[in-house]
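Listed below, chain by chain, are the residues.
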Amino acid sequence: MAPPMTTVADEAEVASIKTLTNAGAELNSVPFEYTYIKNPKDQANASDPEHSIPTIDYAHLTSGSPELRSKAIEKLGKACEEWGFFQVINHGVPENLMKSMIEACQKFFQLPEEEKKEFQSRKLLEPIKCGTTYNFAIEKVRLWRDYLKVIAHPDFHSLQKPAEYSDISMKFSKQTRQVATELLSGISESLGLEAEYIAKAMNWDRGLQILAANYYPACPQPDQAIGIPPHTDHGLVTLLIQNEMGGLEVQHNGKWVLVDCAPGSFVVNIGDQMQILTNDKYKSVWHRAVVNNRATRISIAVPHGPALDTAALPIPELLGGEAPKFIGMSYEEFMELQASPASWIRPCLDHLRVKAE
Ligand code: OGA
Ligand code: NI
């Protein structure tokens, strides 16, 4: 049966999570529409060092020493294959630029609701948009987070308010894209391809980059709500930063693991387009954002994808006699599919999967 659809008007009337949590009277329980209870087997274990995401040293990856570089590339390939997630240290993006970016987003979220209204849009590729739950029909629960999404590439867009957002986000998006470009080259090489292979095939010079900020206020009953339910990211690679609060959990060997990363590092994950290119070798891993009862968490996810008109297909050189497991679909159509109820019924990647004979 088709899920009940909420209309655009319904969605626009839903208050932000900031409004709900600032509503004066002390909120001491999670309202019904926000109640999301995890299956006990889906609780994350406290992070243990044996089970934390791998670390990639960017200075090694970009080192002039062929030996250091090839070791880093080998480690990168292993991280993509075994985890689909890793943290990147020594990347050279100044920690104070990351902090300023988080603060600028925080100021945006704290603007009066009236001033944010103009950015409430249901259009997938609106250059600037904000909101809370994306699609109540799909998610079936209201999310304990507000979001702001600004497209930074191929065309750079910016908010006027807060005033500093423009300058900071310009610097941050450029430098983050530079790191993503290097990672993409390293990933290409880790697959035995020339460094530029994936960038060329995906028209990376026109590739999409989104600055997607998430605002998760403290929650009175964190185990009864969810920031973002389990999902995979649609692009090639996502780079994420956060304030001092953790909350990102990734699925690994059937268990949920809380990501514990070094301050100032990027958390990076492989997206669906990369899983298609590699014919399932590098996995776009399920992850989610949980909330806490101590302080507001802010994260900025920066998904990087192909050009919108470009379709990822399994790379012929990687097949080694295997049949391609996916059909092609332009990145724009893929994103539309991910945002549609079809992906509620079946994970988005499965819609492109070639059926076994
Ligand atoms: C996302 C995401 C996780 C987080 O925005 O796609 O997975 O920790 N965010 O905020
Ligand atoms: Ni994500």
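What counts, and where the lines are drawn
Residues numbered from 1 in each chain as written. Chains lettered and ligands numbered in written order. Predicted model: local features only at pLDDT ≥ 70, side-chain atom pairs only at ≥ 80, totals over all residues. Heavy atoms only, no water. Helix = DSSP H or I, 4+ residues; strand = E, 2+ residues; numbered from the N terminus. Rg over C-alpha atoms; globule rule 2.2 N^0.38 Å. Buried < 20%, exposed > 50% of the residue type's maximum accessible area, 1.4 Å probe, protein only. Contact = heavy atoms within 4.5 Å. Areas by Shrake-Rupley, 256 points an atom, 1.4 Å probe, with all protein chains shown as cover. Lys, Arg positive; Asp, Glu negative; His and termini not counted. Charge placed at Lys NZ, Arg CZ, Asp CG, Glu CD. Pairing = 2+ DSSP bridges. Axes fitted to C-alpha atoms, helices over the stretch in contact; angles between N-to-C directions. Donors = N, O, S within 2.8 Å, 3.2 Å for Na, K, Ca; no water. Arc of directions from axis to C-beta. Near = heavy atom within 4 Å. Polar contact = N/O pair within 3.5 Å; in protein donor to acceptor, adjacent residues only side chain to side chain. Nonpolar A, V, L, I, M, F, W, Y, C, P; charged D, E, K, R; others polar. Disulfide = S-S within 2.5 Å. Expected span 1.5 Å × (residues − 1).

Participant: Explanation requested: the overall build of the chain in the structure shown.
Facilitator: Counting its regular elements, the chain contains 14 helices and 12 strands. Taken over C-alpha atoms, the radius of gyration comes to 20 Å for the chain, in line with the 21 Å a tight globule of 357 residues would show. Expressed as lengths along the three principal axes of its C-alpha atoms, the size of the chain is roughly 60 × 50 × 40 Å. In the chain, which comprises 357 residues, the share counted as buried stands at 51%. Here the contacts in the chain between residues at least 6 apart in sequence split such that 79% fall between residues at least 24 apart. Carbon and sulfur atoms make up 53% of the accessible area of the chain, which amounts to about 16,400 Å² in all. Treating the 34 positive side-chain charges of the chain as one cloud and the 45 negative ones as another, the clouds have centres 1 Å apart.

Participant: Can you help me understand the sheet that holds strand β4 (residues 146–153) in this one?
Facilitator: Pairing between sheet strands relies on hydrogen bonds along the backbone, with the strands arranged either parallel or antiparallel. One open sheet accounts for eight strands, arranged β1-β2-β10-β7-β12-β5-β4-β3; its pairing is mixed. Of all strands in the sheet, those with a lone pairing partner are β1 (55–57) and β3 (128–131), marking the two edges. Pairs of neighbouring strands in the sheet enclose a mean axial angle of 25 degrees, with direction left out of account.

Participant: Whenever I open this one, the coordination of the nickel ion (ligand 2) confuses me. Can you help?
Facilitator: Note on metal geometry: ideal angles are 109.5 degrees for four donors arranged tetrahedrally and 90 or 180 degrees for six donors arranged octahedrally. With distances of 2.1 to 2.2 Å, the protein atoms coordinating the nickel ion (ligand 2) are His231 (NE2), Asp233 (OD) and His287 (NE2). In primary-sequence terms, the residues that donate to the nickel ion (ligand 2) follow H-x1-D-x53-H. With relative accessibility at 13%, the residue Asp233 sits in the buried group.

Participant: Just checking my understanding: could you explain helix α12 (residues 331–338) for this structure?
Facilitator: Structural remark: α-helix, 3.6 residues per turn; residues separated by three or four positions point the same way. Restricting attention to buried positions, one finds in α12 the residues Tyr331, Phe334, Met335 and Leu337. Across the axial projection of α12, the buried residues extend over an arc of 160 degrees, all falling on one side. Taken together, the buried residues of α12 touch β5 (209–216), α10 (272–277), α13 (342–345) and α14 (348–352).

Participant: I would appreciate a short explanation of the site of ligand 1 in the present structure.
Facilitator: Every residue close to ligand 1 is listed here: Asn214, Tyr216, Ile228, His231, Asp233, Leu240, Leu248, His287, Ala289, Arg297, Ser299 and Ala301. Residue His287 places a side-chain N or O atom 3.0 Å away from an oxygen atom belonging to ligand 1. Here ligand 1 loses 91% of its free accessible area of 290 Å² to cover by the protein chains. Listing elements by their share of the shell around ligand 1, those giving two or more residues are β5, β6 (228–231), β11 (287–289) and β12 (297–304). At three residues, the largest contribution of residues to the shell around ligand 1 is made by β12. For the shell around ligand 1, the per-class residue count stands at six nonpolar, four polar and two charged.

Participant: Would you mind showing me how to read the side chain of His304 here?
Facilitator: Note on placement: His304 falls in strand β12. The class of His304 is buried, set by a relative accessible area of 0%. Polar side-chain contacts of His304 include one of 3.1 Å to the side chain of Gln209. If near-sequence neighbours (up to four positions away) are discounted, His304 is found in contact with Thr176, Arg177, Ala180, Trp204, Leu208, Gln209, Gly235, Leu236, Val237 and Leu239.

Participant: Could you clarify how one ought to interpret the state of the cysteines in this entry?
Facilitator: As used here, a disulfide is simply a covalent bond connecting the sulfur atoms of two cysteines. Tallying each qualifying case throughout the model produces zero disulfides. Cys105 provides the cysteine sulfur closest to Cys261, a residue in no disulfide bond, and the two sulfurs are 17 Å apart.

Participant: Can you walk me through the sheet that holds β6 in this structure?
Facilitator: The four strands are arranged β6-β11-β8-β9 in an open sheet whose pairing can be described as antiparallel. Every other strand in the sheet has two partners, leaving β6 and β9 (255–258) as the edge strands with one partner each. The mean inter-strand angle of the sheet, taken between neighbouring strand axes irrespective of direction, is 20 degrees. Here β6 pairs with β11 via two bridges, running antiparallel. Bridge pairing in β11 places His231 opposite His287.

Participant: Whenever I open this one, helix α4 (residues 66–82) confuses me. Can you help?
Facilitator: When the terminal C-alpha atoms of α4 are compared, their 24 Å separation across 17 residues agrees well with the 24 Å that a helix rising 1.5 Å per residue should span. Of all the residues in α4, the buried ones are Arg69, Ala72, Ile73, Leu76, Gly77, Ala79 and Cys80. Each buried residue of α4 lies within a common arc of 160 degrees when the element is viewed along its axis, so the set occupies one face. Residues of α4 that are exposed and angled more than 90 degrees away from the buried face: Glu67, Lys71, Glu74 and Lys78. Taken together, the buried residues of α4 touch β1, α3 (58–61), β2 (85–89), α8 (165–190) and β10 (266–270). Once α4 ends, the next one or two residues include Gly84, with phi positive near 70 degrees.

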